[in-house]
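Descriptive analysis of the structure
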Amino acid sequence: SQTIHQWPATLVQPVGSPLSLECTVEGTSNPNLYWYRQAAGRGLQLLFYSVGIGQISSEVPQNLSASRPQDRQFILSSKKLLLSDSGFYLCAWGRDINTEAFFGQGTRLTVV
Amino acid sequence: QQQVKQSPQSLIVQKGGISIINCAYENTAFDYFPWYQQFPGKGPALLIAIRPDVSEKKEGRFTISFNKSAKQFSLHIMDSQPGDSATYFCAASIEGSGNTGKLIFGQGTTLQVKP
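Residues numbered from 1 in each chain as written. Chains lettered and ligands numbered in written order. Predicted model: local features only at pLDDT ≥ 70, side-chain atom pairs only at ≥ 80, totals over all residues. Heavy atoms only, no water.

A short note on the overall build of chain A
What counts is decided by this rule: Secondary structure is summarised from DSSP: a helix means a run of H or I of at least four residues, a strand means a run of E of at least two, and numbering begins at the N terminus for each. In this treatment the radius of gyration is a C-alpha quantity, and the globule benchmark scales as 2.2 Å times the residue count to the 0.38 power. Each residue is placed in one exposure class: buried if its accessible area under a 1.4 Å probe, protein chains only, is under 20% of its type's maximum, exposed if it is over 50%, and partly exposed if it falls in between. In this tally, Asp and Glu contribute negative charge and Lys and Arg positive charge; neither His nor the terminal groups of the chain are included. Charge positions come from single atoms, namely NZ of Lys, CZ of Arg, CG of Asp or CD of Glu.
When its secondary structure is counted, chain A shows 0 helices and 11 strands. The secondary structure elements of chain A, listed N-terminal to C-terminal, are β-β-β-β-β-β-β-β-β-β-β. In terms of C-alpha radius of gyration, chain A reaches 13 Å, essentially the compact-globule figure of 13 Å for 112 residues. By its C-alpha atoms, chain A is 40 × 25 × 20 Å across when sized along the principal axes. For chain A, buried positions account for 50% of its 112 residues. Taken together, the 8 basic and 7 acidic charged side chains of chain A have centroids lying 9 Å from each other.

Some remarks on the overall build of chain B
Spelled out, the test is: Shrake-Rupley sampling with a 1.4 Å probe provides the accessible areas, and residues are treated as covered by the protein chains on show and by no other component.
On a plain count of helices and strands, chain B comes out with 0 helices and 11 strands. In chain B, the succession of α and β elements from N to C terminus is β-β-β-β-β-β-β-β-β-β-β. Against the globule reference of 13 Å for 115 residues, chain B gives a C-alpha radius of gyration of 14 Å, in line with a compact fold. Each of the 115 residues in chain B was classed as buried or not, and the buried ones make up 46%. Split by element, the accessible area of chain B, about 5,500 Å² in all, is 49% carbon and sulfur. Within chain B, one finds 11 positive and 8 negative side-chain charges whose respective centroids are separated by 6 Å.

Some points on the pairing of strand β8 (residues 73-78) of chain A
Across a regular strand the side chains alternate sides, sitting on one face of the sheet and then on the other. All names here are of chain A. We count it as follows: Here, strands pair whenever DSSP counts at least two bridges between them.
Within β8, 6 of the 6 residues are buried, leaving the element largely enclosed by the surrounding structure. Burial of β8 is two-sided: the residues Gln73, Ile75 and Ser77 facing one way and the residues Phe74, Leu76 and Ser78 facing the other way are all buried. In this structure, strand β7 (residues 65-70) lies alongside β8, joined through 4 bridges in antiparallel fashion. The residue of β8 that forms the bridge with serine 67 is isoleucine 75. The hairpin turn running from β7 into β8, its antiparallel successor, is 2 residues long.

Quick word on the layout of surface pockets
Just so we agree on the cut-off: Both site types are read off a 1 Å grid over the protein atoms alone. A 1.4 Å probe that fits but cannot get out defines a cavity, while an open set with protein on both sides within 12 Å along at least five of seven lines defines a pocket; lining residues have an atom within 4 Å of a point. Grid points are joined across faces, edges and corners, and a volume is the space filled by probe spheres set on the points.
Size it by volume and the largest pocket reaches roughly 560 Å³. As for the largest pocket, its lining consists of 22 residues, of which Gly43(A), Leu44(A), Gln45(A), Leu46(A) and Phe105(B) are closest to the centre. Elements supplying a minimum of two residues to the lining of the largest pocket: β5 (44-52) of chain A together with β10 (104-105) of chain B. The element that contributes the greatest number of residues to the lining of the largest pocket is β5(A), accounting for 3 residues.

Describing the environment of Gln37(B)
Residue and element names in this part refer to chain B. Definition in use: Residue contacts are counted whenever heavy atoms from the two residues lie within 4.5 Å of one another.
Mapped onto the secondary structure, glutamine 37 falls in strand β4 (residues 33-38). For glutamine 37, a relative accessible area of 15% gives the class buried. Setting aside residues up to four positions removed in sequence, glutamine 37 forms contacts with Gly43, Pro44, Ala45, Leu47, Asp84, Ala86, Thr87 and Tyr88.

Observations regarding the sheet that holds strand β3 (residues 19-26) of chain A
All names here are of chain A. So the rule is basically this: All axes are obtained by fitting lines to C-alpha atoms, using only the stretch in contact for helices, and the reported angles, taken between N-to-C directions, cover 0 to 180 degrees.
Spatial strand order, β1-β3-β8-β7: 4 strands in an open sheet with antiparallel pairing. Only two strands of the sheet have a single partner each, and these edge strands are β1 (3-7) and β7. Across the sheet, the mean angle from the axis of one strand to that of its neighbour is 20°, orientation sign disregarded. Pairing of β3 with β8, which is carried by 6 bridges, proceeds in the antiparallel orientation. The residue of β8 that forms the bridge with leucine 21 is leucine 76.

Some words on unusual backbone geometry
With omega at 0°, the peptide bond leading from Trp7(A) into Pro8(A) counts as cis. Checked against the element boundaries, Pro8(A) lands in the loop between β1 and β2 (10-13). Between Ser7(B) and Pro8(B) the backbone carries a cis peptide bond, its omega angle lying at -5°. Following the sequence through the fold, Pro8(B) ends up in the loop between β1 (4-7) and β2 (10-14). Look at Asn30(A): it is not a glycine, yet its phi comes out positive at around 50°. Note on placement: Asn30(A) falls in the loop between β3 and β4 (32-38). Unusually for a residue other than glycine, Lys71(B) sits at a positive phi of about 55°. You can see Lys71(B) is positioned in the loop between β7 (62-67) and β8 (72-77).

What follows is the structure in structure tokens.
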């Protein structure tokens with residue numbers, strides 16, 4: 001069976017510090033991978049998606065970047081965090097044809 | 001045109017009652033409409049989904065009603081239970097090989113079922 005791992009679960013970082021959130025998927029190959037952000041009381045906003053190694057598409061301009069160094073690894077990064085980067089970050093995977101998305105447990109990021 | 005509008009933002013229902021959440025979309029190319037359930041501090045999980053070739057899909061106490069001409073779909077939770085208290089998201093996407101499977105989410109509805 002397929003599983004998705006996302007870590008850390010919570011993170012408190014000072015403004016201006018770097019960020020690296022990691023997501024890995026097991027039990028499938030060549031998945032589509034997604035990073036979503038959920039602000040308090042709001043919906044899920046798609047930040048990045050990837051259909052293959054090294055292929056990253058950005059949905060919204062922002063202070064964050066994403067990379068996919070391996071088939072089942074997706075990384076969300078920032079060189080210098082802003083207060084507005086605080087939120088709940090969710091990694092998800094899906095198959096090419098069937099668009100059902102499977103979400104990780106999320107990372108609660110607080111920038112102070 | 002990529003938006004999915006969801007209402008209400010919050011909902012309080014008595015145990016045993018019916019919870020109804022509505023969503024509307026503009027993009028007629030959307031052909032996959034899932035609903036996700038999210039408990040606090042957790043990632044969303046797929047609850048039920050529908051495609052436009054049917055007008056209704058039922059799984060247990062959960063039913064999706066789909067109105068293609070009105071570009072609307074809704075989630076009905078029958079016999080609502082306190083354990084159903086969660087945030088519900090509708091979403092839409094375009095299926096098929098070559099598509100990226102991007103889900104466009106509604107804003108979410110926080111449901112509270114009172115015992």
